[in-house]
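# Structure assessment
Chain by chain, the residues run as shown.
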Amino acid sequence: RDVSFINCNVAGSTDKGFLLSENAHGCKIIGCTIDNTTNEGINVGSDVHNITISENRVKNIDDQVIEVNDGADSITITNNIFETCGGNNTATEGIISLQDTTSDITITGNIFGAGTAPANSNPLTVETLVNRLVFTNNNTFGLTNHQPYIPNETDSIIAFNIPSQASQIIAQ
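Overview of the structure. (Residues numbered from 1 in each chain as written. Predicted model: local features only at pLDDT ≥ 70, side-chain atom pairs only at ≥ 80, totals over all residues. Heavy atoms only, no water.)

### A word on the sheet that holds strand β14 (residues 111-114)
We count it as follows: In this scheme, strands are said to pair when DSSP sees at least two bridges between them. Here a strand is any run of E in DSSP of at least two residues, a helix any run of H or I of at least four, and the numbering for each starts at the N terminus. Only C-alpha atoms enter the line fits that serve as axes; for helices the fit covers just the stretch in contact. Angles between N-to-C directions range over 0 to 180 degrees.
Pairing in this open sheet of five strands is parallel, and the strands run β2-β5-β8-β11-β14 from one edge to the other. At either margin of the open sheet sits one strand with a lone partner, and together these are β2 (9-11) and β14. Adjacent strand axes in the sheet meet at a mean angle of 10°, parallel and antiparallel pairs treated alike. Pairing geometry for β2 and strand β5 (residues 33-35), over three bridges, is parallel. Among the inter-strand pairings, Val10 is bridged to a residue of β5, identified as Ile34.

Here's what the structure looks like:
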C-alpha cells in the first residue's frame, strides 16, 4: 500500500512493466519509462483503489498499455505519452483497457498515437461497465480510431479531445 514508483525505467520485461495486485491501494507510478514489455506496461489488479499513473513515457508495447481490472476504482491516468503502442489491437481494443466493472476513472492530458500509430486501436476500451468515467483533454490525433470504444451504457464525460470536436460532450 501507498508505494510510489518515481522516475523508474522498465525495459524488455517478458511480462508486465508494473503489476499493482490486489490491496495495492494508494500507489503511484510517476515519471517512469516503460519500454518493450511482452504484456501490458501497467496492470492494475482487481479491487485496487486510489492509483495515480502520471507523466510516464510508454513505448513499443503491442497490446493494451494499461489494463485496469474488475473492482478497481479511483484511478487517475494523466499526462502520459503512449509511443508506438497498440499495434496488435483490434478495432474494439484500446491502448487503455477497463475490464469488467470499474469506477471513478479519470483519463486526461495523455498523448495517444505518438511514434508509429496502430492500425486499429482505440485510445480506450470499456469491456463491460464503468461508473463515472472522465476522458478529457487527450490528444488522439495519431490514432485511426479517435474515440473510446464504450459498448454499454455508462456514466461518462468524453470531451475536448484532439481531434475531437471541442464542444462534444457525450453522456451515455
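Don't stop here, the text continues.
### A closer look at a negative patch on the surface
Rules: Residues form patches when they are more than 30% accessible in relative terms and have no salt bridge. Like charges link within 9 Å. Nonpolar side chains (Val, Leu, Ile, Met, Phe, Trp, Tyr) link within 5 Å. Per-residue and other accessible areas follow the Shrake-Rupley method at a 1.4 Å probe size, with only the shown protein chains counted as cover for residues. Any carboxyl oxygen of Asp or Glu within 4 Å of a side-chain nitrogen of Lys or Arg constitutes a salt bridge here. In this tally, Lys and Arg are treated as positive and Asp and Glu as negative; His is ignored, and so are the chain termini. Lys charges are placed at NZ, Arg charges at CZ, Asp charges at CG and Glu charges at CD.
A cluster of acidic residues, Glu22, Asp47, Asp70, Asp100 and Glu127, forms a negative patch on the protein surface. Summarising the element assignment, Asp47 is placed in the loop between β6 (42-44) and β7 (49-54).

### Concerning the state of the cysteines
So the rule is basically this: Throughout, disulfides are identified as pairs of cysteine sulfur atoms within 2.5 Å of each other. Throughout, exposure labels follow a simple rule: accessible area from a 1.4 Å probe, protein chains only, divided by the maximum for the residue type, with under 20% read as buried, over 50% as exposed, and the rest as partly exposed.
Enumeration over the complete set of coordinates arrives at zero disulfides. Take Cys27: it sits in no disulfide, and the sulfur closest to it among the cysteines is that of Cys8, at 12 Å. A relative accessible area of 4% places Cys27 in the buried class.

### Considerations on the sheet that holds strand β13 (residues 101-108)
Reading across from one edge, β1-β4-β7-β10-β13-β16-β17 is the order of the seven strands in this open sheet, with parallel pairing throughout. Each edge of the sheet is formed by a strand with only one pairing partner; in this case those strands are β1 (4-6) and β17 (156-159). Averaged over neighbouring strand pairs, the angle between their axes works out to 10° when direction is ignored. Sheet analysis places strand β4 (residues 28-30) next to β7, joined by three bridges and oriented parallel. Bridge pairing in β7 links Ile30 to Ser54.

### Quick notes on the nonpolar core
Side chains that are nonpolar tend, in soluble globular proteins, to be buried together. As a reminder, the rule being used: Definition used in this section: a nonpolar core is a set of buried Ala, Val, Leu, Ile, Met, Phe, Trp, Tyr and Cys residues joined via side-chain atoms within 4.5 Å. In what follows, a contact means two residues having at least one pair of non-hydrogen atoms within 4.5 Å.
Core analysis: the largest hydrophobic core is formed by 37 residues, its most contacted members being Val44, Ile66, Ile96, Leu98, Ile107 and Leu133. Once you skip the residues sitting within four places of it in the chain, Val44 turns out to touch Leu20, Ile51, Ile53, Glu67, Val68, Asn69, Ala72 and Ile75.

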